[in-house]
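# Coordinate inspection notes
Here's the letter readout for the chains.
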Amino acid sequence: MKHTNYTMLCDYYELTMANGYFLAEKKDEIAYFDVFFRNIPDGGGYAIATGLEQVIDYIKNLSFTEEDIEYLRSKNTFDERFLEYLSTFRFTGDIYAIEEGTPIFPGEPIMIVKAPAIEAQFIETFILLTLNHQSLIATKANRIVRAAQGRPVAEFGSRRAQGPEAAILGARAAYIGGCSATACTMSDRDYHIPATGTMAHSWVQMFDDEYTAFETYCKLYPDNATLLVDTYDTISSGIPNAIKAFKNVLIPQGKTSFGIRLDSGDISYLTKKARKMLNEAGLENCKIVISNSLDEHIIRDIIHQGAEVDSFGVGERLITAKSEPVFGGVYKLVAVEKDGEVIPKIKISENPGKITTPHFKKLYRIFDKETGKAMADLLTVYDEVIDPTAPLSIFDPINTWKTKTFTDYTLKELLVPIFKDGECVYQSPDIDSIRESCLNQTNLLWDEVKRFENPHRYYVDLSQKLWDIKHNLLKRS
């Protein structure tokens, strides 16, 4: 896959702040930033971390060209010494991140950047836009796939995505979230996501009659014939003509893998009627695919109504996350380093939900040994050590009287090293491994956390040491 240099894809204030850090002699001061989000889209119980691979590519390709520097010079804003510094600019810091496909929860860092101030500040925009977009789409896809109850879901949204990159990377995120395929050819070429597709209504309209359109398609694609049966009249012509084409062209060849697609009308009623007609014609193996402005709620409802559906194609409401199209991840300074000492920093707000958790941190996921289920996440200061053989007590950081003690548990540290001293130390898994990991990890969540409405709140707690640091900073402010 071709890697693009997105160095100049940044908010302008990243550059003016960088120039300011340079002139204020702060460019070499070490800063720590957390990437986290505050609310789960659609009121869900969890989100899915996605987009790390693109952040890695961005960091590896981070450099200013002569044309970039000339452009900045033309703004008459930046010091010439700063522009000279940019000519050899590269990332030299450390990055830790939660691996792609992992369920994530509000308030916990999904990425930590530790780097000289200019470097750490400058990469904010790209990191946020990448993690926000892909995590949003993967989260939506995961909801839709769960609603389908084991039936395959193909991502069909390229033509409704907000631009080419949103279509290509949206398909990648949807696949990680659980979709089985995409209609986007470039996503197959670049990310090896299986491309799939049937036909448009225009194919049927191009022929003199519907049967000829179906017959021709079956002759051309005998191993992949799915016929769109709602161009004219689904019940009186579409399904009968599809049955005729299957029997006249495919059955004599011994072909048994084919299907019909419905893209309009009362889906629940039409699929039940179609299944009856197909079965009566001896085509019990014929698959029924549906599309047309689907989401997790519509899919869940039509399944509940007894719709006869084998697979789904989901477009605009997936690729745009139409019901809640903003993920809301933020990038906040949590510490600086002076003379080798990590000094915590906190952002305070009149809105309690916007108060940050300070310090350089570790993030642990606690699993019950007997069930294997994820029980809670725990944030600690970076130098804390947990003895997994001793009882572990945690408490709600807001309602501190709510406590729980684990005695039979395992721990997994979620933030793994990605860059060390500017060098990538992480090998991104292939996309099928990420997708499988996502499925396995979501299976470790309790069903109560996976409810679509009013899910159980999964706790992200602070260690006593971290809680004390946070509240001491609040008292001093």
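A brief look at the structure comes next. Computed from a predicted structure; not experimentally measured.

### Describing the sheet that holds strand β6 (residues 153-155)
- As summarised here, the arrangement of the six strands in space is β7-β6-β11-β10-β9-β8, forming an open sheet in which the pairing is parallel. Both edges of this open sheet fall to β7 (181-182) and β8 (225-228), since each of them pairs with a single strand only.
- Pairing of strand β10 (residues 287-290) with strand β11 (residues 311-314) involves two bridges; the strand directions are parallel. Looking at β11, one finds that Val289 is bridged to Ser311.
- Its contacts with the sheet put helix α11 (residues 234-250) on β8 and β9 (258-262), and the angle it makes with β9 is roughly 165°.

### Let's talk about helix α15 (residues 431-442)
- Taking 1.5 Å of rise per residue, 12 residues should cover 16 Å, and α15 covers 17 Å from first to last C-alpha, within 8% of that figure.
- By the burial criterion, the buried members of α15 are Ile431, Ile434, Cys438, Gln441 and Thr442. The buried residues of α15 all sit within an arc of 95° when viewed along its axis, so they share a single face.
- Capping of α15 at its N-terminal end is provided by Asp430; its side-chain oxygen lies 3.1 Å from the backbone amide nitrogen of Asp432.

### Focus: the nonpolar core
- Counting 130 residues, the largest nonpolar core has Met111, Val113, Ile123, Phe246, Ile260 and Phe312 as the members making the most contacts within it.
- For this core, the leading source of residues is helix α6 (residues 124-147), giving 10 residues.
- Membership of the second largest hydrophobic core comes to 10 residues, among which are Ile168, Tyr175, Ile176 and Cys184.

### A short note on empty space enclosed by the protein
- Counting across every chain of the model gives two cavities of 30 Å³ or more.
- Volume-wise, the largest cavity comes out at about 60 Å³.
- As for the largest cavity, its lining consists of Ala49, Thr50, Leu52, Ala97, Ile98, Glu99, Glu100, Ile110, Met111, Leu131 and Ser135.
- Elements with a minimum of two residues in the lining of the largest cavity: β3 (94-98) and α6.

### Re the pattern of salt bridges
- With the rule as written, the count across this model stands at 30 salt bridges.
- Close ionic contact of Glu70 with Arg73 constitutes a salt bridge, the shortest N to O distance being 2.3 Å. Here the residue Glu70 and the residue Arg73 both occupy positions in helix α3 (residues 66-74), the gap between them amounting to three residues, near one helical turn.
- By relative accessible area, Glu70 is classed as partly exposed at 47%.

### Regarding the packing of aromatic side chains
- Counted under the stated rule, the structure contains 24 aromatic pairs.
- For the ring pair Tyr32 and Phe360, a centre distance of 4.8 Å and an interplane angle of 40° mean the geometry is tilted. Linking Tyr32 in strand β1 (residues 30-37) with Phe360 in the loop between β13 (341-344) and β14 (361-368), this pair joins segments that are 328 residues apart in sequence.
- Relative to Phe122, the ring of Phe64 has its centre 5.5 Å away and its plane inclined at 50°; by these criteria the two rings are tilted.

### With respect to the environment of Met277
- In this fold, Met277 is placed in helix α12 (residues 267-280).
- A relative accessible area of 18% places Met277 in the buried class.
- Sequence separation of Met277 and Ile235 is 42 residues, and the distance between their C-alpha atoms is 8.9 Å.

### Overview of the environment of Gly328
- Checked against the element boundaries, Gly328 lands in the loop between α14 (316-319) and β12 (329-338).
- Between the alpha carbons of Gly328 and Gly372 there is a distance of 30 Å; along the sequence they are 44 residues apart.
- Beyond its immediate chain neighbours, meaning those up to four positions away, Gly328 contacts Phe36, Phe37, Arg38 and Asn132.

### Examining the packing of helix α2 (residues 52-60) against α6
- Relative to each other, α2 and α6 sit at 160°, their axes nearing to 9 Å. As far as their axial angle goes, α6 and α2 are roughly antiparallel. Between α2 and α6 lies a crossing whose hand is right-handed. Between α2, through Leu52, Gln54, Val55 and Tyr58, and α6, the contact on the second element is made entirely by Phe126, Ile127, Thr130, Leu131 and Gln134.

How each quantity is defined
- Residues numbered from 1 in each chain as written.
- Predicted model: local features only at pLDDT ≥ 70, side-chain atom pairs only at ≥ 80, totals over all residues.
- Heavy atoms only, no water.
- Pairing = 2+ DSSP bridges.
- Helix = DSSP H or I, 4+ residues; strand = E, 2+ residues; numbered from the N terminus.
- Contact = heavy atoms within 4.5 Å.
- Axes fitted to C-alpha atoms, helices over the stretch in contact; angles between N-to-C directions.
- Expected span 1.5 Å × (residues − 1).
- Buried < 20%, exposed > 50% of the residue type's maximum accessible area, 1.4 Å probe, protein only.
- Arc of directions from axis to C-beta.
- Polar contact = N/O pair within 3.5 Å; in protein donor to acceptor, adjacent residues only side chain to side chain.
- Core = buried A, V, L, I, M, F, W, Y, C linked by side-chain atoms within 4.5 Å.
- 1 Å grid on protein atoms, 1.4 Å probe; cavity = no way out; pocket = protein on both sides within 12 Å on 5 of 7 lines; lining within 4 Å.
- Points joined across faces, edges and corners; volume = space filled by probe spheres on them.
- Salt bridge = Lys/Arg side-chain N within 4 Å of Asp/Glu carboxyl O.
- Phe/Tyr/Trp six-rings, centres within 6.5 Å; stacked < 30°, edge-to-face > 60°.
- Parallel < 35°, antiparallel > 145°, perpendicular 65-115°, else oblique.
- Left-handed = near helix turned anticlockwise from the far one by under 90°.

These results come straight from atomic positions and should not be treated as a statement about function.
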